[in-house]
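Residues per chain are reported as follows:
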Amino acid sequence: WQLVYGVSGFDIDSIDDSQIEYVSDTTYTLYSLDATNYYDFYLRTDCGGEYSAWVSLLHKPITMEYIMTQSTDTIRTCGWTIYDNGGANGSYSGNSNQTLVVLADDESRTIMFSGNSNTESTYDYITIYEGIGTSGEVLFTDYGVTSATFGPIVSETGAITITFQSDGSVNYGGFEILT
């Protein structure tokens, strides 16, 4: 298949070959898209140089995901989903000690978040603090409550800090935070 995408409203008839992505699998991951934009996607078959007509696939915001794999990191976000290092479909890895500072995509905005958490009782935990760093008010913490659901919670400062720690003895489903 051939895949072409761009910010909503681009003219499919004016593309050049450098804009075409060649896809041979039924799934395809795109990187570096802006979650604040709408995108148009077009797909056509490529049967040895014979092409079908372009078919429009989507016209909606892209779901952006962040997986906590760094020991410390900072991101700007609006509409992202944040996961522990196990990602959306896996259990988190043992011996994790990670901190993520999440800033609103615009300094004048607040951050609203919700999610769920599933960690090992009293050994693995997630804590979300108001602001940058761990000295702010604790907005949510999970010290091993099975299937804890939280939110929506609003951070008035436009920043939250997420800390996650796992001792490595047992691994569970981890967490998912929607911002």
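Our structure's up above, just so we're on the same page.
The structure reproduced in this document is the subject of the present report.

Rules behind the numbers
- Residues numbered from 1 in each chain as written.
- Predicted model: local features only at pLDDT ≥ 70, side-chain atom pairs only at ≥ 80, totals over all residues.
- Heavy atoms only, no water.
- Core = buried A, V, L, I, M, F, W, Y, C linked by side-chain atoms within 4.5 Å.
- Buried < 20%, exposed > 50% of the residue type's maximum accessible area, 1.4 Å probe, protein only.
- Contact = heavy atoms within 4.5 Å.
- Phe/Tyr/Trp six-rings, centres within 6.5 Å; stacked < 30°, edge-to-face > 60°.
- Helix = DSSP H or I, 4+ residues; strand = E, 2+ residues; numbered from the N terminus.
- Lys NZ or Arg CZ within 6 Å of the ring centre and 35° of its normal.
- Pairing = 2+ DSSP bridges.

**Considering the nonpolar core**
Here is step 1: Formed by 29 residues in total, the largest nonpolar core has its most connected members in Ile82, Phe113, Ile128, Ile162 and Ile177.
Here is step 2: Excluding anything up to four places from it in sequence, isoleucine 82 contacts Tyr66, Met68, Ile75, Leu100, Val102, Ile162, Phe175, Glu176, Ile177 and Thr179.
Here is step 3: Formed by 6 residues, the second largest nonpolar core is a distinct cluster that contains Ile12, Ile15, Ile20 and Trp54.

**Details of the packing of aromatic side chains**
Here is step 1: For the structure on display, the rule yields 6 aromatic pairs.
Here is step 2: Geometrically, the ring pair formed by tyrosine 5 and phenylalanine 41 is stacked, given 5.8 Å between the ring centres and 25° between the ring planes. Of this pair, tyrosine 5 sits in strand E1 (residues 2-7) while phenylalanine 41 sits in strand E3 (residues 38-44), placing them 36 residues apart in sequence.
Here is step 3: A relative accessible area of 6% means that phenylalanine 41 is categorised as buried.
Here is step 4: Looking at arginine 44, its charged tip hangs above the ring of tyrosine 51, at a distance of 4.3 Å from the centre.

**A word on the pairing of E1**
Here is step 1: Here 2 bridges tie E1 to strand E2 (residues 21-22), and the two strands are oriented antiparallel to one another. The residue bridging leucine 3 from the neighbouring strand is glutamate 21, located in E2.
Here is step 2: Note: E1 against E3, 6 bridges, orientation antiparallel. The partner of tyrosine 5 across the bridge, within E3, is phenylalanine 41.

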